[in-house]
Amino acid sequence: MTNERINEPMLELFIFETTQLVEQLEQILITTEKNASFTTEQINEIFRIMHTIKGSSAMMLFNNIAALAHALEDLFFFLREEKPQGVNFSEIIDLVFNGLDFINVELLKLTNGDEVDGEASRLIEQLHGYLLSLKGDQLVQENLQSESDSFIPQQFYISKSKQSGIEGQFENAFQATIYFEENCGMENLRAFGVVNELEGQLEEFYHLPQNIEDDESIPEILTEGFRLFIKTNHSDEEVRDLLQQTMFLKELTLKGIDDLETAFCPFRNELTPTELRGGNSLNSLMTLDQAERDPTKGKPAASAQNHQSIINVSVAKLDKLMDLVGEMVIAEAMVTQNPDLKGLDLQNFQKAARQLNKITTELQDIVMSVRMVPLAGTFQKMNRTVRDMCKKLNKEVSLKLIGEETEVDKNIIEHIADPLMHLIRNSIDHGIEEPHIREAKGKSRSGTIVLEAKNAGSDVLVSIRDDGQGFNKEKILAKAFKHNLLPPNFEELSNKEIYQLIFLPGFSTNESVTEFSGRGVGMDVVSSNISAVGGSVTADSIPEEGATITLKIPLTLAIIDGMTVKVGNARYTIPTISVKESFKPKLSDIIVDPDQREMLMVRGHCYPVLRLHQFYRVKTEIIELIKGMIVMVEQEGKTLCLFVDELVGQQQVVVKALPTYIKTLKEIPGLAGCTLLGDGSISLILDIPGLISY
Amino acid sequence: MVAEIDQEFLEEEDTQKGKFLTFLLGNEFYGIEIKFVTEIIGFQPITEVPDLPDYIKGIINLRGKIIPVMDVRLRFRKPFREYNDRTCVIVVDVLEVSVGLIVDSVSEVISISKGEIVDPPNLGKGGSGYIKGIGKVGSEVKLLLDCDKLLNEKDLESLENM
C-alpha cells in the first residue's frame, strides 16, 4: 500500500521534525496575525523553532535552509531583545511566511528524493534589509528620546536587588573600568562575557555602555572602556580577582565609590519609569528567560511531557502489524474450524476458542484505529490559505473549524488536503463578495467559511459552507452550454444536478481567470481526487445565502467494501462503490453486433459486456451468458457489464498491493491489488476505472 | 549500496558464507547462496494472476505477505511436472524483492569452498547465464544459480511472446 520512499533514517527524521516545526510556526503566525501583535511567549517560541530548524538543517548540510532560518532567527532575536515599537506586523508575517514556503518547497524536494537546490539568498537579503530598516527606526527613536533624556533608554540591567528591596545595604561599592586588548575584536561580546561572568557572583551591578548587545557600543568600549558600577558584600580583593579573569583584559581599574547617590542615580532614575511602564512585559521576559536557561522549569518542560505520551511510528510498520493481525484472524479460523474437530464435543475448547475470537477481534479494531489521524492538522492548514487569499483579493473572510477531531485514515488525509484547498479558494474567490458589496447587500462585512467534519457510518462528511453569493444557476447552465457539457435533457435537471455540473472537466464559472482559481481545473481535480479515494462530492446552494460543498470520503483506504465473484477457480473482488447492480441476464436482452461484441439491454439502455474469463483467460465451464451472473459497474458515468460465474458474497476486505516483482515485470490491466479472503485464499481486486477505459 | 552493506555484513557472518541450499530439478542438483533464502515452505495453492509469463504461476499468501511464485522448471524451459508432496517453494529475498521458487524437492545445505567452485564452461551462444558457477562436492556437481539475475533480468523472449 505504501509506496513511500525508504529514506535514510536521519533524513526521514529531519523531514518529519522540520515539517512539524513549520506547521507549528504557521499556527503561531496565524494567531499573531489575528491579534495583530506578538506576545513575548510567541516571539520566544518562534525564535526557538527557527533556532531548531537552523541547527538541524545545518547538521544535515542543507545550508540554504540553515541560512534562511538563521536570518529569521536574527529578526526574532532583535524583536525579542529590543521590543521595537510601531513595527508593521503584517510585513514581518509576510516575510516569515515567504521563508516558510521556501523551507516547505525544499522539504518536498527532499521527500521526493530530489536535490535541495533552492536559492534562498534573495529571501535572506530581504530579511536582512528589513532587519536593518527596523534597526534604523530604532536608532531614530533612540536619538529622539535621548534628546529629552541624557541617558539611552535601551538598557541591559541585571539586578538581584529586587529581592533584597532596600538598596545601599551592601558593604561596598566599586566602579571598575575595563579596557580590552586592541584588535581582540567584538568588544561588545567580550563585555557581555564579563557581565555573564559577574552575574550570580555579585549582588548588584550596572554597566556602561548599556547596549552591549549591539555592535554600535564597540566604539564607546574602545575609547572610554567598559565601566561597571558594582554594589556588593564582597571585598575589594575578591572583586578584583573576579574581574582579572576576563579574557583579553588589557587594563583594569577598580575604585571604591563613596557617593552612591550620584554614581547610581542615572540607573535608578531609568529603572523606575521602565518598570512602571512596561512592568508586565518585562517580568514575563525575565521569567521566560529563566525558563529557557533552566529546562526543567516552566513551560518548555510541560510541553516536553506532553510529547512523551505520543510516539511516532512509520506507516510501514503499522501496515506490517496489520498484515500480521489479519493473518492471525485467519489462523484462528483455521484452528477453531479445523476439520479434525468435526463431530467432537469439546466444551472447554469452544470456550477457549470464543475467548480467543474476542481478543483477536479487539486487536483488529485497535490496529485499525492506530492508523486513524484527526483531521485537525489538515483543517488548520486552511487558515493559511484563507489568509493568503484574503490578502491578495482584498476580501475579509473568517474560517470556522468544526469537528476537526474527526479521525480518518492517514492515507485519506493525504488525498483530501489538495481538494480542500481548492474548494476553500473557490469559495473565497467566487463565493464571498467584496466587503463593500456585502455591506450593500446587508450582510456582515466579513464573510464566513465553515469547514466541518463529521462521521456518518463508515464515511466521513466534510462540508465547506460559505455565506457568499451562492451559485448562479443561469450562469452555470450558460457556461455548460458553451462548453458542450450539457446533457440532452437539461431542461429536466434539478437544481442539485445543475450545481453538480461544476465538477465536470473544463468547467469554470468565473469570468476572469485569477491566480487562485478559474483555470477550469479546480473543481474537476477536486472531484477526481475524491473519487480516487472512493468518495464523492456534492454541491448545494441557496442564492445570496451561500453555497455548501460536501465531500463524502471513506474512513479508510486500507479496507474497502468489496463484492467477491468467482470465475473458474479464481476469485475477484469488485469495490462495492462501483457496483450498480447484479442480475442474471435474460436471453432476449443479449445483443451481438456484427463485430461479435456482446451488449446487454437493460431498461432501454444498451451496455457493453466484458467476459472476465475471456479477458483474463481463465478456464471456466460457464461460458453462456444466461448461466452466469452479470455485475453492472459504473465509474464516472460510464457503465460496463462484467460477466462472472457466480457471486460469492460481499465483505470488507483489506487492500494489499500486488508484489513489486509482478508490478515491475508487467503492468496488468484492470487489477488494483489483491486481498486475503477469510479462508486465507487470495482474491484479486479489480480496478473498475481501468477496466472501463481499457 | 544496500547490497554492498549486505555483502559486508554477511562476509562477517562466517556461518552463512560459502553455504548453499541445494535442490533438485529433474536430474540436476542446483544450489543457491543461503543468504538469499528466507524460508522453505511446502507447496500451497496458488492464485493465478492473468497476463503473466507462464513461469510465474501466480501469487501466494505467506503470513499476510503476498509474494509471486516462479516455477523454476518452466523458467529453464524444462517440461512442466505435476506438483506433489515433495514439491517445495523456496522463498528468496533479493534486494527487498521476495519471490517463491517452485522446485522439485529441496535436498540439503552444504558448504562449498571457493576452491571447489569453477566457472561454467562457455557453451557458446546458447547460454542463458543463470549459472554463476559449478560447485564440486565429492563426486557430484551442483549448478550454482545467480539469484540476482534470475529475478531481476527480464526474460525478454517470453515478454515478447505475449
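Remember, predicted model here, so these are calculated numbers, not experimental data.

Give me the overall build of chain A: which residues, what numbers.
A tally of helices and strands in chain A yields 22 helices and 23 strands. For chain A, the share of sequence-separated contacts (at least 6 apart) that also reach a separation of at least 24 residues comes to 69%. Accessible surface, chain A as shown: approximately 37000 Å² in total, 53% of it carbon and sulfur.

Before we move on, could you go through the sheet that holds strand S13 (residues 559–567) of chain A and cite the residues and values that matter?
All names here are of chain A. Spatially, S21-S13-S14-S23-S22 is the arrangement adopted by the five strands of the open sheet, whose pairing is mixed. Edge positions in the open sheet fall to strand S21 (646–654) and strand S22 (671–676), since each of these has one partner strand only. Ignoring strand direction, the axes of neighbouring strands in this sheet form an average angle of 35°. Relative to S21, S13 runs antiparallel, the two being bridged by eight bridges.

Give a detailed account of helix H3 (residues 63–82) of chain A, specifying residues and quantitative values.
Helical geometry: 3.6 residues make up each α-helical turn, so side chains three or four residues apart lie on a common side. Look at H3 of chain A: 28 Å from first C-alpha to last across 20 residues, which is about the 28 Å you get at 1.5 Å a residue. Backbone geometry just downstream of H3 of chain A places Lys83 of chain A in the positive-phi region, at approximately 45°.

Explain the confidence of the model for chain A residue by residue, including any values.
Residue and element names in this part refer to chain A. Summary statistics for chain A give a mean pLDDT of 75 and a share of 77% for residues scoring 70 or more. Low pLDDT, under 50, characterises residues 1–7; the stretch is placed with 15 contacts to residues that sit more than four places away or in other chains. Counted against residues more than four places away or in other chains, residues 145–168, with its pLDDT under 50, gives 38 contacts.

Kindly report on the sheet that holds strand S18 (residues 605–611) of chain A, identifying the contributing residues and their values.
All names here are of chain A. A sheet is described by the order of its strands in space; here six strands give the open sequence S15-S19-S20-S18-S17-S16, paired in mixed fashion. Each end of this open sheet is capped by a strand with a single partner; those strands are strand S15 (579–583) and strand S16 (590–592). Each strand of the sheet is rotated relative to its neighbour by a mean of 30°, with strand direction disregarded.

How would you explain the UniProt feature "modified residue: Phosphohistidine" (unreviewed entry) in chain A if you had to name every residue and give the values?
All names here are of chain A. Following the UniProt record, one finds the feature "modified residue: Phosphohistidine" (unreviewed entry) at His51. Mapped onto the elements of the fold, His51 is located in helix H2 (residues 40–59). When its relative accessible area of 41% is taken as the criterion, His51 is described as partly exposed.

Please provide a residue-by-residue account of the state of the cysteines, values included.
Residues and elements named next belong to chain A. Enumeration according to the criterion identifies zero disulfides over all chains in this entry. For Cys606, which is in no disulfide, the shortest distance to another cysteine sulfur is to Cys641 and amounts to 9.0 Å. Since its relative accessible area comes to 39%, Cys606 is described here as partly exposed.

Explain the packing of H2 of chain A against H3 of chain A to me, and be specific about the residues and the numbers.
Packed helix pairs are specified by the crossing angle of their axes together with the interaxial distance, meaning the distance between the axes. Residue and element names in this part refer to chain A. Running from amino to carboxyl end, H2 crosses H3 at an angle of 155°, the nearest separation of the two axes being 8 Å. It follows from the interaxial angle that H2 and H3 lie roughly antiparallel. In terms of crossing hand, the pair formed by H2 and H3 is left-handed. Residues Ile43, Asn44, Ile46, Phe47, Met50, His51, Ile53, Lys54, Ser57 and Ala58 of H2 pack against Ile65, Ala66, Ala69, His70, Leu72, Glu73, Phe76, Phe77, Leu79 and Arg80 of H3.

Explain the pairing of strand S6 (residues 88–94) of chain B to me, and be specific about the residues and the numbers.
All names here are of chain B. Of all seven residues in S6, six are buried, a share of seventy percent or more. Two elements, strand S3 (residues 37–42) and S6, share five bridges in a ladder whose sense is antiparallel. Its bridge partner being in S6, Gly42 is matched across the sheet by Cys88. Judged from the seven bridges that link them, S6 and strand S7 (residues 97–103) form a sheet pairing that is antiparallel. When the sheet's bridge partners are listed, Val94 is paired in S7 with Val97. Counting the residues that bridge the hairpin from S6 to S7 gives two residues, and of these Leu95 lies at a positive phi of roughly 50°.

Run through the packing of aromatic side chains, naming residues and quoting values.
Summed over the entire model, instances satisfying the criterion amount to nine aromatic pairs over all chains. Consider the rings of Phe47 of chain A and Phe77 of chain A, whose centres lie 5.9 Å apart with planes at 40°: the pair is tilted. With a gap of 30 residues between them, Phe47 of chain A in helix H2 and Phe77 of chain A in helix H3 connect regions that are remote in the sequence. We classify Phe47 of chain A as buried; its relative accessible area is 11%. Residue classification places Phe77 of chain A among the partly exposed residues on the basis of a relative accessible area of 33%. An aromatic cluster is built from Tyr572, Phe615 and Tyr616 of chain A, whose rings are joined through pairwise contacts. Sitting above the plane of the Phe29 of chain B ring, Lys142 of chain B keeps its charged end 4.2 Å from the centroid.

Thresholds, definitions, all that
- Residues numbered from 1 in each chain as written.
- Chains lettered and ligands numbered in written order.
- Predicted model: local features only at pLDDT ≥ 70, side-chain atom pairs only at ≥ 80, totals over all residues.
- Heavy atoms only, no water.
- Helix = DSSP H or I, 4+ residues; strand = E, 2+ residues; numbered from the N terminus.
- Contact = heavy atoms within 4.5 Å.
- Areas by Shrake-Rupley, 256 points an atom, 1.4 Å probe, with all protein chains shown as cover.
- Pairing = 2+ DSSP bridges.
- Axes fitted to C-alpha atoms, helices over the stretch in contact; angles between N-to-C directions.
- Expected span 1.5 Å × (residues − 1).
- pLDDT = per-residue confidence, 0-100.
- UniProt positions renumbered as here; feature names shortened; annotations may be inferred.
- Buried < 20%, exposed > 50% of the residue type's maximum accessible area, 1.4 Å probe, protein only.
- Disulfide = S-S within 2.5 Å.
- Parallel < 35°, antiparallel > 145°, perpendicular 65-115°, else oblique.
- Left-handed = near helix turned anticlockwise from the far one by under 90°.
- Phe/Tyr/Trp six-rings, centres within 6.5 Å; stacked < 30°, edge-to-face > 60°.
- Lys NZ or Arg CZ within 6 Å of the ring centre and 35° of its normal.

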